[in-house]
Amino acid sequence: MLSGKEVATHNTRKSCWIIVHGNVYDVTDFLDEHPGGSKIILKYAGKDATQEYDPIHPPDAITTNLPPEKHLGPVEPNTAQKVEITITDEEKGRQERMSRRPVLDEILNLHDFEAIAKQVMTEKAWAYYSSAADDEITTRENHAAYHRIWFRPRILIDVTKVDWSTTILGHRSSMPLYITATALGKLGHPDGEINLTKAAAKHGVIQMIPTLASCSFDQIVDAAQPGQVQFLQLYVNKDRNITKRIVQHAEKRGIKGLFITVDAPQLGRREKDMRMKFTAEDPSEVAKSGSDGVDRSQGAARAISSFIDPGLQWSDLDWFKSITKMPLILKGVQRWEDALKAYDLGLAGVVLSNHGGRQLDFARSGIEVLVEVVAKLKEKRGLTFPNEKFQLFVDGGVRRATDVIKAIALGATAVGVGRPFLYAFSSYGVEGVDRALSILHDEFEMNMRLLGANTIKDITPDMVDVSNISAHVAAIPGDRLYDSNYESMQHARLREL
Ligand SMILES: Cc1cc2c(cc1C)[n+](S(=O)(=O)[O-])c1c(=O)[nH]c(=O)nc-1n2C[C@H](O)[C@H](O)[C@H](O)COP(=O)(O)O
């Protein structure tokens, strides 16, 4: 067993040991390969790095990425040197606001979670979750596009009984939405993606597990209830053997759908995140780029994504069909021609998505692309939607059950929701996600009745007017949605936060 004192003598670039979860690792040779740059590791050289390691990495990241001979064994308990974490005034302020956040019953819609999360999350976590590419026009257009779709409700229908449950890729779901893949769950809450797993189980909705989860894949699957349905979102690795191992392990663990992300050959420039300079604390590191030329001072996104293969292309899909029997869905399709290609290749479906506006700014909203795809696939292949054989999904900017209902009316099987659940668990843990899903159930019940629809099948294209869907007016960046929510007492209270 190594003493903390001995470990502390290995605190330079020439010999760099760190402690994670009570074990000592020699990371000397790994310093310049670390996706997050060397600076952040050297800050913890010779010391216990667990508290910095946990929010960003799945627990098994260090053991799987370091060769066994670098695993030096356990450190003597209570001898490890720690980095003194000084509680800054802003951290004190944040903790104080967290202690005074509204009680969950006061939360009435998904926007409320965003308003509170902005006040109570760490700056780094808020920057990563809320950020979007360039001028953040698309991330706002994602929700604004739903404001250009109006309802044509039916009346005098007996709506005593309403049921908004559905099936997604053949699996039951209590509502036509799933929890989509969003990376680094532990940035917002120590339980990370497990918050989503537990709430999804309680509400009978499907969770899509991200490649870049903070929790390990097996931890997330182990946290699921027997029979709970989960999908996997995949960033394809330049090393296809790694990808093959991940995909076949996921299939063995019972994952029911493989969502291959195709809109991120490189992660977008998310300036709020970049300003956090996630890995480089001082200017000398800012310009530093790794051996592959990726500038790692550009926030978490760039730091954690250098493995993604920008060479992924249509011809790779046959290889995917050869390594797995899971239904294959492309996540991040943004025009009808690519949806048609995916259909002709016999895939199970596509997610019409611009990655929550985090990739190409001025990409159109998923809901607008949905209107185009449904019309063109009908014209070219005579397809009607929703379609069991080739399912259409939409994500981006979905904040209300009415948004979901509009997508269903226009032919989607279901929609993905991202940020609201992140904000919910960052502010309230699993209870927050539970509350968010309950709010959506309440909204569905009311909206189905007011629309005159008993079941999802009764939600048809004639119930919406999409004549203005392509009338883009680029929203000048400004987060007004949740500000306006707090016209009443909460506004005063939140202002004090
Ligand atoms: C908010 C968020 C979204 C991310 C996300 C992380 C965050 C914090 N990450 S990212 O770091 O690489 O960009 C992923 C990801 O791992 N993989 C992916 O396919 N989509 C990722 N997305 C996109 C996500 O799957 C949805 O497309 C998007 O969140 C839907 O928009 P809303 O957030 O408005 O619901």
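Since the model is a prediction, treat every value here as computed from it, not as a measurement. (Residues numbered from 1 in each chain as written. Predicted model: local features only at pLDDT ≥ 70, side-chain atom pairs only at ≥ 80, totals over all residues. Heavy atoms only, no water.)

**Focus: the pattern of salt bridges**
In step 1: The full count for this structure, using the stated rule, is 25 salt bridges.
In step 2: Here D434 makes a salt bridge to K202, at a shortest N to O gap of 2.6 Å. In this pair, D434 is assigned in helix α19 (residues 419-451) and K202 in helix α9 (residues 194-203), connecting sequence segments 232 residues apart.
In step 3: When its relative accessible area of 61% is taken as the criterion, K202 is described as exposed.
In step 4: In this structure, the salt-bridge partner of E445 is R449, at a minimum N-O distance of 3.1 Å. Pair noted here: E445 and R449 are both in helix α19, with a separation of four residues, about one helical turn. (Salt bridge = Lys/Arg side-chain N within 4 Å of Asp/Glu carboxyl O. Helix = DSSP H or I, 4+ residues; strand = E, 2+ residues; numbered from the N terminus. Buried < 20%, exposed > 50% of the residue type's maximum accessible area, 1.4 Å probe, protein only.)

**Some thoughts on the site of the ligand**
In step 1: If you check the shell around the ligand, you find 24 residues, and the closest are Y128, A181, Y235, T261 and R399.
In step 2: Contacts to the ligand include R399, whose side-chain N or O atom sits 2.7 Å from an oxygen atom.
In step 3: Here the ligand loses 100% of its free accessible area of 640 Å² to cover by the protein chains.
In step 4: Of all the secondary structure elements, the ones that give two or more residues to the shell around the ligand are α7 (123-130) and α19.
In step 5: Along the lines of polarity and charge, the residues of the shell around the ligand split into eight nonpolar, ten polar and six charged. (Near = heavy atom within 4 Å. Polar contact = N/O pair within 3.5 Å; in protein donor to acceptor, adjacent residues only side chain to side chain. Areas by Shrake-Rupley, 256 points an atom, 1.4 Å probe, with all protein chains shown as cover. Nonpolar A, V, L, I, M, F, W, Y, C, P; charged D, E, K, R; others polar.)

**With respect to the sheet that holds strand β11 (residues 328-333)**
In step 1: Read around the barrel, eight strands follow the order β7-β8-β9-β10-β11-β12-β13-β14 and close on themselves; strand pairing throughout is parallel. Averaged over neighbouring strand pairs, the angle between their axes works out to 30 degrees when direction is ignored.
In step 2: Note: strand β7 (residues 177-179) against strand β14 (residues 414-417), three bridges, orientation parallel. Directly across from L177, in β14, lies its bridge partner V415.
In step 3: Each of β7, β8 (206-209) and β9 (230-234) touches α9; the most contacted strand, β8, lies at about 160 degrees to it. (Pairing = 2+ DSSP bridges. Axes fitted to C-alpha atoms, helices over the stretch in contact; angles between N-to-C directions. Contact = heavy atoms within 4.5 Å.)

**Overview of helix α18 (residues 401-409)**
In step 1: The buried fraction of α18 amounts to nine of the nine residues, a majority that puts the element mostly inside the structure.
In step 2: All of the buried residues along α18 are A401, T402, D403, V404, I405, K406, A407, I408 and A409.

**Observations regarding the sheet that holds strand β3 (residues 71-74)**
In step 1: What the three strands build is an open sheet, ordered β1-β2-β3; its pairing is antiparallel. Sheet topology places β1 (17-20) and β3 at the edges, where each strand pairs with a single neighbour. Within the sheet, the average angular offset between the axes of one strand and its neighbour, ignoring direction, is 25 degrees.
In step 2: Sheet analysis places β1 next to strand β2 (residues 23-26), joined by four bridges and oriented antiparallel. Residue pairing across strands places I18 opposite Y25, the latter belonging to β2.

**Considering the environment of H472**
In step 1: Structurally, H472 can be placed in the loop between β15 (464-465) and α20 (481-485).
In step 2: A residue is classified by how much of its surface remains accessible, and H472, at 44% relative accessible area, is partly exposed.
In step 3: In sequence terms H472 and P102 are 370 residues apart; their C-alpha atoms lie 36 Å from each other.
In step 4: Excluding residues that lie within four positions of it along the chain, H472 makes contacts with E141, R148, R364 and E368.
In step 5: Here the side chain of H472 touches E368 through a polar contact of 2.5 Å, side chain to side chain.

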